[in-house]
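A structural walkthrough
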Amino acid sequence: MTAATESSDSQVETLAAAAIDVMSRAYAPYSKFRVGAALLCADGTIFTGCNVENASYGLTLCAERNALVKAVSEGHLEFLKIVIVCSAGEPVAPCGACRQCLWEFAPQLEVIMVGTSRRDQAPLKKLLPGAFGPDQLS
Ligand code: THU
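Description of the structure in this document. All values reported here derive from a predicted model rather than from experimental measurement.

Let's shift gears to the packing of helix α2 (residues 63–73) against helix α3 (residues 96–105). Look at α2 against α3: their axes get within 9 Å of each other, and the N-to-C directions meet at 25 degrees. Considering the angle they form, α2 stands roughly parallel to α3. Our pair here, α2 against α3, has a crossing hand that is left-handed. Facing Glu64, Arg65, Leu68 and Val72 of α2, the residues of α3 in contact are Ala97, Cys98, Cys101, Leu102 and Phe105. For the contact of α2 with α3, the per-class residue count stands at seven nonpolar, no polar and two charged.

Looking now at the site of the ligand. Contacts to the ligand come from 13 residues, most closely from Asn51, Glu53, Cys62, Ala63 and Glu64. Within the contact set of the ligand, an oxygen atom lies 2.5 Å away from a side-chain nitrogen or oxygen of Glu53. Ala63 is positioned with one of its backbone polar atoms (N or O) 2.9 Å from an oxygen atom of the ligand. Surface burial for the ligand is 79%, taken as the share of its 370 Å² of free accessible area covered by protein chains. According to the grid-proximity analysis, the pocket containing the ligand is the largest pocket. For the shell around the ligand, the residue count by class is eight nonpolar, three polar and two charged.

Here is what the cut-offs are and how they apply
- Sequence order sets the numbering: in each chain, residues are counted from 1 along the sequence as written.
- Where local features are concerned, this predicted model is filtered to residues with pLDDT of at least 70; where side-chain atom pairs are given and counted, the filter is 80 or more; whole-chain, interface and lining totals use all residues.
- Values shown for side chains rest on all heavy atoms present in the structure; no hydrogens or waters enter the calculation.
- Angular values range over 0 to 180 degrees, each being the angle between N-to-C directions of two axes fitted as lines to C-alpha atoms, with helices fitted over their stretch in contact.
- Numbering of helices and strands runs from the N terminus; a helix is a DSSP stretch of H or I covering at least four residues, while a strand is a stretch of E covering at least two.
- Put simply, angles under 35 degrees are roughly parallel, angles over 145 are roughly antiparallel, angles from 65 to 115 are roughly perpendicular, and the rest are oblique.
- Should the near helix be turned anticlockwise from the far one by less than a right angle, the crossing is termed left-handed; should it be turned clockwise, right-handed.
- Whether two residues are in contact is decided by their heavy atoms, any of which lying within 4.5 Å being enough.
- Nonpolar residues are Ala, Val, Leu, Ile, Met, Phe, Trp, Tyr, Cys and Pro. Charged residues are Asp, Glu, Lys and Arg, and all others, Gly as well, are polar.
- We call a residue near a molecule or strand whenever a single non-hydrogen atom of that residue lies within 4 Å of it.
- In protein, a polar contact means a hydrogen-donor-capable atom and an acceptor-capable atom, both N or O and within 3.5 Å, with residues adjacent in sequence counting only if both atoms are side-chain atoms; elsewhere, any N or O pair within 3.5 Å suffices.
- All accessible-area figures derive from a Shrake-Rupley calculation using a 1.4 Å probe, and residue coverage is judged against the displayed protein chains alone.
- Note on definitions: the grid is 1 Å and covers protein atoms alone; a cavity is a set of points where a 1.4 Å probe fits but cannot get out; a pocket is an open set with protein on both sides within 12 Å along at least five of seven lines; lining residues have an atom within 4 Å of a point.
- Just a note on the criterion: a molecule sits in a pocket or cavity if more than half of its atoms are within 2 Å of the grid points.

Worth remembering: the numbers are spatial, not functional.
Pasting the structure below:
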């Protein structure tokens, strides 16, 4: 294993730990499904988010978009990786709305999905093939 790989592995562990921490603050009284996300910015800053549900159901905010809007609100627009954790055994994949919102800023994003029994990893490009994005408006 190269030093670069080691440092990237430890970076993923740091992100996973941050995502697990924020997952404990998920507001999920309806689904009871807790999700945490940690988004790595190009400058190394990490923003986290948990899911925040609403009695209207439809206004629920996913963990990934929560992390994204926090980052953008603080002036961060370039992202490298997102780690998503959930309390279920199987890793949770970002929903379509989150994929689209992440695509807006980071088509090259690497998505790491962590369940209690296993992990998955995929580039956002593979999770959102044929995406509509800012380029199509120009
Ligand atoms: N959820 C997320 O926060 N992220 C995902 O990637 C999938 C789903 C949340 C939304 C809702 O609060 C709960 O999980 C069940 O759908």
